[in-house]
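The residues making up each chain are set out below.
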Amino acid sequence: MKITVVGGGSTYTPELIEGFARRADVLPVDELVLHDVDADRLAVVGALARRILTRHGFPGRLTTTTDLTAAVDQAAAVLVQLRVGGQAARLVDETLPNRFDLLGQETTGPGGFAKALRTVPVVLDIAEEVRRRAQPGAWIVDFTNPVGIVTRALLDAGHRAVGLCNVAIKFQRQLAAHFGTDPDRVRLGHAGLNHLSWIRSVTVDGTDRLPELLTGAALDELAAQLRVPAGALRDLGAIPSYYLHYFYCTHDEVRAQQTGPGAHRADQVIAIERELLTLYADPALDRQPELLQQRGGAYYSEAAAALVTSLLTGDGAHHYVNVRNDGVLPGLPDEAVVEVPAHVDTAGAHPVPVPPLPPEMLGLVQAVTAYETLTVEAALTGDRTVARRALMANPLVREWALAEGLLEALLEANRHHLPRFRAGEAVDA
């Protein structure tokens, strides 16, 4: 069994490697392959990954390569965790919208839009190579943001793909700790879109414990963690994804971002990644350093390794995944990609029934679904009119006058990554 990680030079990779090493008894992997276009970075991360596997006594072998064809050849599963343009592009995604008094964020709003335009064509090219070279029926697991949009593009193109995010598993682990119980005994009524979801029940051994989380000190603690007013949580009667802070407290966040250098998450991540790569280069290091927890993506290794295990062994375990709607959430088209709980086996994800979304949630989800549909089309066609329509559909932009100028600024800042939008232009040497 061969599993390939595209974007294997990511600083997340050591955590992922730990996840596969811990599952060697239930997921018999013969070969783990790390692929990346950055050979120097891949060498550093790959060397640490090899030391981690050695410490665990991993029975398979680790291969690193910059050759995508060789990487995916005969793979049973391919995980995609890349960032087109690197952290430099992320910094632009988070800062450029502030010039228009708009939110700067890497997966939502105009920053997420720019990231999707860069990312969708690249991931689809990778997926086509997987279709040609991997084992028949190989799975693509997408961890690349914006996960919902990228997964939608993969599924629309007929690929065997599932999207994965760590938000739900992070909540599950935190709430299990709060109640002093094993995470497997906690089930979340988690539903919506990727980075636009709500938890409407927290079932522990068959009893919904959400009401007690929405009162007293527990409520205040949640509100501080999510950066959403306690009153909003009471009114919603739910725990929103922490990305909903950007929708519920937009003006506060924009003002905070406009305070100056260092106000954006990208600034922090760039510094963290630089230090992590220095740590990874230490030949004595054979485990993920504590600093990696500050990088984000907590519990990614557990979620990804467990999901791949289910897809390849058919264990039917419970996961929170991004899949085609196909009637799971009423009010959304079947082809929309939703984030819901599901049981997963070799045939894929089988969503658990969830209650319909109430109006205040459904309306927002419908608007963002429309934006996602238009964004995939814009990414594939390079059509500026469709791109402006996508921005107008995005609740964090909306206004045509903003969309017009914003689009041109985003395209110029990303011009080297967006050849479809440069049709008819003289291409730089």
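What you see is a predicted model; the values in this text were computed from it and never measured.

K.L.:
Would you mind going over the overall build of the protein chain with me for this structure?
P.N.:
If you tally the helices and strands in the protein chain, you get 17 helices and 13 strands. Principal-axis analysis of the C-alpha atoms gives the protein chain an extent of 65 × 55 × 40 Å. Per-residue burial for the protein chain yields a buried fraction of 57% across its 429 residues. Of all intrachain contacts in the protein chain linking residues separated by at least 6 positions in sequence, the fraction that spans at least 24 positions is 68%. Of the roughly 16800 Å² of accessible surface on the protein chain, a fraction of 51% belongs to carbon and sulfur atoms. Positive and negative side-chain charges in the protein chain, numbering 39 and 52 respectively, have mean positions lying 2 Å apart.

K.L.:
Explanation requested: the pattern of salt bridges in the structure shown.
P.N.:
Once the charged atoms of two side chains with opposite charge are near each other, the side chains can pair. Under the definition given, this model contains 23 salt bridges. A salt bridge links glutamate 31 to arginine 61; the nearest nitrogen and oxygen atoms lie 3.1 Å apart. Here glutamate 31 is found in strand 2 (residues 31-35), whereas its partner arginine 61 is found in strand 3 (residues 61-65), with 30 residues between them in sequence. With a closest N to O distance of 2.4 Å, aspartate 205 and arginine 185 form a salt bridge. Of this pair, aspartate 205 sits in the loop between strand 8 (196-204) and strand 9 (207-208) while arginine 185 sits in the loop between helix 7 (167-179) and strand 7 (186-193), and the two are 20 residues apart along the sequence. The partly exposed category is assigned to arginine 185, whose relative accessible area is 44%. Connected through salt bridges with shared partners, the residues Glu18, Arg22, Arg55, Asp286 and Arg287 form a single ionic network.

K.L.:
Whenever I open this one, the packing of aromatic side chains confuses me. Can you help?
P.N.:
The way to describe two aromatic rings as a pair is by their centre distance and the angle between their planes. Within the structure shown, the criterion is met by seven aromatic pairs. For the ring pair tyrosine 12 and phenylalanine 143, a centre distance of 6.0 Å and an interplane angle of 80 degrees mean the geometry is edge-to-face. Of this pair, tyrosine 12 sits in the loop between strand 1 (2-6) and helix 1 (13-22) while phenylalanine 143 is found in the loop between strand 5 (139-142) and helix 6 (147-156), placing the two residues 131 residues apart along the sequence. A residue is classified by how much of its surface remains accessible, and tyrosine 12, at 14% relative accessible area, is buried. Overall, phenylalanine 143 belongs to the buried group, its relative accessible area being 12%. When the centroid spacing of 6.4 Å and the interplanar angle of 45 degrees are considered together, the rings of phenylalanine 113 and tyrosine 371 count as tilted. With phenylalanine 113 in helix 5 (residues 109-133) and tyrosine 371 in helix 15 (residues 359-381), this pair connects stretches of sequence that are 258 residues apart. On the basis of relative accessibility, which here comes to 0%, the residue phenylalanine 113 falls in the buried class.

K.L.:
Help me out: how do you make sense of the environment of tryptophan 400 in this one?
P.N.:
Secondary-structure assignment places tryptophan 400 in helix 17 (residues 400-413). In this structure tryptophan 400 comes out as partly exposed when scored by relative accessible area, which is 44%. Considered as a pair, tryptophan 400 and valine 167 are 233 residues apart in the sequence and their alpha carbons are 32 Å apart. Beyond its immediate chain neighbours, meaning those up to four positions away, tryptophan 400 contacts Arg388 and Met392.

K.L.:
How should I be thinking about the state of the cysteines in this particular structure?
P.N.:
Disulfides are covalent bonds that link the sulfur atoms of two cysteine residues. The final tally for this structure, using the stated rule, is zero disulfides. Note on cysteine 165: no disulfide assigned, nearest cysteine sulfur contributed by cysteine 249 at a separation of 19 Å.

K.L.:
Got a minute to help me understand helix 15 in this structure?
P.N.:
Its 23 residues place the ends of helix 15 33 Å apart at the C-alpha level, agreeing with the 33 Å of an ideal helix rising 1.5 Å per residue. Looking one or two places after helix 15, you find glycine 382, whose phi comes out positive at around 70 degrees.

K.L.:
Would you take a moment to explain the pairing of strand 12 (residues 337-345) for this structure?
P.N.:
For a regular strand, side-chain orientation follows a simple rule: the groups alternate between the two sheet faces. Across the nine residues that make up strand 12, a large majority, seven, are buried. As defined by bridge partners, strand 11 (residues 317-324) adjoins strand 12 across eight bridges and the pair is classed as antiparallel. In the sheet register, valine 323 faces strand 12, and the bridge partner there is valine 338. Where strand 12 meets strand 13 (residues 348-351), four bridges bridge the pair, whose relative direction is antiparallel. Paired with histidine 343 across the strands is histidine 350, a residue of strand 13. Linking two consecutive strands that pair antiparallel, namely strand 12 and strand 13, is a turn of two residues.

Rules used throughout
- Per-chain numbering applies: the sequence of each chain, read as written, is numbered from 1 onward.
- Whole-chain, interface and lining totals are the exception, using all residues; otherwise, since this is a predicted model, local features are given only for residues with pLDDT of at least 70 and side-chain atom pairs are given and counted only at 80 or more.
- Water and hydrogen atoms play no part in the side-chain values, which are based on all heavy atoms of the structure.
- Note on conventions: DSSP H or I runs of at least 4 residues are helices, E runs of at least 2 residues are strands, and numbering of each starts at the N terminus.
- Buried, partly exposed and exposed residues are distinguished by accessible area as a fraction of the type maximum, computed with a 1.4 Å probe on protein chains only: under 20%, between the cut-offs, and over 50%, respectively.
- Contacts are assigned to residue pairs that have any heavy atoms within 4.5 Å of one another.
- Residue-level accessible areas treat just the shown protein chains as cover; the underlying method is Shrake-Rupley with a 1.4 Å probe.
- Residues scored as charged are limited to Lys and Arg (positive) and Asp and Glu (negative), so that His and the chain ends carry no count.
- We put the charge of a Lys on NZ, of an Arg on CZ, of an Asp on CG and of a Glu on CD.
- Put simply, a salt bridge is a Lys or Arg side-chain nitrogen that is within 4 Å of an Asp or Glu carboxyl oxygen.
- When two rings of Phe, Tyr or Trp (its six-membered ring) have centres within 6.5 Å they constitute a pair, described as stacked for plane angles under 30 degrees, edge-to-face for angles over 60, and tilted for the intermediate range.
- In this description, the term disulfide denotes a pair of cysteine sulfurs within 2.5 Å.
- By definition here, a helix of n residues has an expected span of 1.5 Å times n minus one.
- At least two bridges found by DSSP between two strands are what make those strands a pair.

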